[in-house]
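Given next are the chains, with one letter for each unit.
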Amino acid sequence: YLLFPDRSRLAITHEKVEQFAAQFLEDPAKVPLSVKKAVDFQACSICPRRHTGEFCHALRPTLPFLEITDRYVSFDQVTAVFRERGNGLFHVKHTTMQKALQYVSVLSLIHYCETGRKYLRYFLGVMPLMEMKEVAERIFLNIFWNCRGDAGKIKEIVTQFVEEIRITSACQIKRLNTICKSDPFLNAFAAVQAATELVSMMNDEVLERSFNDFEKE
């Protein structure tokens, strides 16, 4: 949930995504035919469904909210509230629009993207309001545990993960550039891409330093 200074709020839920995404794409006033046919609006080169003629599924979490988010710029202040599934625990953070929308960007690239879904397990424990360095550390740890410390497998997965998210996030930024009137979503996707780039810089020594810093706090 995003709570704005004027006391309005935006609930970002799976139900809203499904309800409004299809309507948005079918409305020529919101996505003109010229935009739909634009080169930047087409499927990524690595999308397994690029030859089906379908719209990119990764657009679905962003489309329902553009009309509202386009009223703001990246560094406008907002209160972000995240409710964990299952235990009902709430996390609240006063932050910027750009950082608040990083969660939607992760949804787009990992939950909805046909290519990104295979990396979903590596986002276990990633909380949307984390700093990007924390996100990168959590992803690397999940890869490390999933590979049981096998250095060769870790390197292979990290290399593929970073490269594919680099491609899909760049494609999303290009697509949104054709329909966004402001920059919060664009910068949110750029931030998530930067976090994945950080994963490639992670190693045992970096994680050891992170653990040591945590113990000193």
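Above this text you will find the structure in question.
Residues numbered from 1 in each chain as written. Predicted model: local features only at pLDDT ≥ 70, side-chain atom pairs only at ≥ 80, totals over all residues. Heavy atoms only, no water.

**Student:** What is the right way to look at the overall build of the protein chain in this model?
**Tutor:** Counting secondary structure elements, the protein chain contains nine helices and four strands. For the protein chain, the sequential pattern of α-helices and β-strands runs β-β-α-α-α-β-β-α-α-α-α-α-α. The C-alpha radius of gyration computed for the protein chain amounts to 18 Å, which stays within 12% of the reference 17 Å derived for 217 residues, consistent with globular compactness. A principal-axis box enclosing the C-alpha atoms of the protein chain has dimensions of 55 × 45 × 30 Å. For the protein chain, the residues scored as buried account for 48% of the 217 residues in total. The long-range fraction of contacts in the protein chain, counting pairs at least 24 apart against all pairs at least 6 apart in sequence, stands at 67%. For the protein chain, the exposed surface amounts to about 12,100 Å²; the carbon and sulfur share of it is 54%. A gap of 5 Å separates the mean positions of the 28 positive and 27 negative side-chain charges of the protein chain. (Helix = DSSP H or I, 4+ residues; strand = E, 2+ residues; numbered from the N terminus. Rg over C-alpha atoms; globule rule 2.2 N^0.38 Å. Buried < 20%, exposed > 50% of the residue type's maximum accessible area, 1.4 Å probe, protein only. Contact = heavy atoms within 4.5 Å. Areas by Shrake-Rupley, 256 points an atom, 1.4 Å probe, with all protein chains shown as cover. Lys, Arg positive; Asp, Glu negative; His and termini not counted. Charge placed at Lys NZ, Arg CZ, Asp CG, Glu CD.)

**Student:** Even after reading the chapter, I still don't get the pattern of salt bridges, so can you show me in this structure?
**Tutor:** Once their charged atoms are close, side chains differing in charge can pair, the charge on each being opposite to the other. One pass over the structure, following the stated rule, counts seven salt bridges. Note that Glu114 and Arg117 form a salt bridge whose closest N and O atoms lie 3.4 Å from each other. Take Glu114: its relative accessible area is 22%, and that puts it in the partly exposed class. Look at Arg117 and you get partly exposed, because its relative accessible area is 41%. Two residues, Lys133 and Glu137, come together in a salt bridge whose shortest N-O distance is 2.5 Å. In this pair, Lys133 and Glu137 both sit in helix α6 (residues 132-146), four residues apart, roughly one turn of the helix. Each of the salt bridges in this network shares a partner with another, and the network as a whole consists of Lys93, Lys99 and Glu131. (Salt bridge = Lys/Arg side-chain N within 4 Å of Asp/Glu carboxyl O.)

**Student:** Quick question: what am I supposed to make of the environment of Leu186 here?
**Tutor:** By the secondary structure assignment, Leu186 is in helix α8 (residues 184-199). Residue classification places Leu186 among the buried residues on the basis of a relative accessible area of 15%. Here the alpha-carbon distance between Leu186 and Ala170, two residues 16 residues apart in the chain, equals 9.7 Å. Setting aside chain neighbours within four positions, we find Leu186 in contact with Ile173, Leu176 and Asn177.

**Student:** I keep staring at the packing of helix α7 (residues 151-177) against α8 and nothing clicks. Help me out?
**Tutor:** To characterise two packed helices, one gives the angle between the axes of the helices and the distance between these axes. With their axes 9 Å apart at the nearest point, α7 and α8 run at an angle of 170° to one another. As far as their axial angle goes, α8 and α7 are roughly antiparallel. Judged by residue contacts, Val158, Phe161, Val162, Ile165, Arg166, Ser169, Ala170, Gln172, Ile173, Leu176 and Asn177 of α7 engage Phe185, Leu186, Phe189, Ala190, Gln193, Thr196, Glu197 and Val199 from α8. Per-class residue counts for the contact of α7 with α8 are twelve nonpolar, five polar and two charged. (Axes fitted to C-alpha atoms, helices over the stretch in contact; angles between N-to-C directions. Parallel < 35°, antiparallel > 145°, perpendicular 65-115°, else oblique. Nonpolar A, V, L, I, M, F, W, Y, C, P; charged D, E, K, R; others polar.)

**Student:** Help me out: how do you make sense of a negative patch on the surface in this one?
**Tutor:** A grouping of Asp204, Glu205, Glu208 and Glu215 is seen on the molecular surface, where their side chains present a negatively charged patch. By secondary structure assignment, the location of Glu205 is in helix α9 (residues 204-216). A relative accessible area of 57% places Glu205 in the exposed class. (Patch = residues over 30% accessible without salt bridge, like charges linked within 9 Å, V, L, I, M, F, W, Y side chains within 5 Å.)

**Student:** Honestly, the sheet that holds strand β1 (residues 2-3) in this entry has me stumped. Any pointers?
**Tutor:** Consider a sheet: its strands pair through backbone hydrogen bonds, and that pairing is either parallel or antiparallel. A sheet is described by the order of its strands in space; here four strands give the open sequence β2-β1-β3-β4, paired in antiparallel fashion. Here the strands that pair on one side only, and so sit at the sheet edges, are β2 (9-10) and β4 (90-96). Bridge count for β1 against β2 is two bridges, and the pairing is antiparallel. Bridging from a neighbouring strand, Leu2 pairs with Leu10 of β2. (Pairing = 2+ DSSP bridges.)

**Student:** How do you make sense of α9 when you look at a structure like this?
**Tutor:** For an α-helix the count is 3.6 residues per turn, leaving residues at separations of three or four pointing the same way. Between its first and last C-alpha, α9 extends 19 Å over 13 residues, near the 18 Å set by a 1.5 Å rise per residue. When α9 is considered as a whole, its buried residues turn out to be Val206, Leu207 and Ser210. Down the axis of α9, the smallest arc covering the buried residues is 95°, so these residues share one side. Residues Asp204, Glu205, Glu215 and Lys216 are exposed on α9 and point more than 90 degrees away from its buried face. (Expected span 1.5 Å × (residues − 1). Arc of directions from axis to C-beta.)

**Student:** Explain the packing of aromatic side chains here, please?
**Tutor:** Both the distance between ring centres and the angle between the ring planes are used here to describe each pair of aromatic rings. Summed over the entire model, instances satisfying the criterion amount to five aromatic pairs. Their ring planes at 35° and their centres at 6.4 Å tell us that Tyr119 and Tyr122 sit as a pair that is tilted. Each member of the pair, Tyr119 together with Tyr122, is buried. Between Phe123 and Phe161, the ring centres sit 6.2 Å apart and the planes meet at 65°, which makes this aromatic pair edge-to-face. Separated by 38 residues along the polypeptide, Phe123 in the loop between α5 (102-112) and α6 and Phe161 in helix α7 bring together distant segments of the chain. Of the two residues examined, Phe123 and Phe161, each falls in the buried class. Taken together through their ring pairs, the aromatic side chains of Tyr119, Tyr122, Phe123 and Phe161 make up a single cluster. (Phe/Tyr/Trp six-rings, centres within 6.5 Å; stacked < 30°, edge-to-face > 60°.)

None of the figures reported here should be taken as evidence of function without further support.
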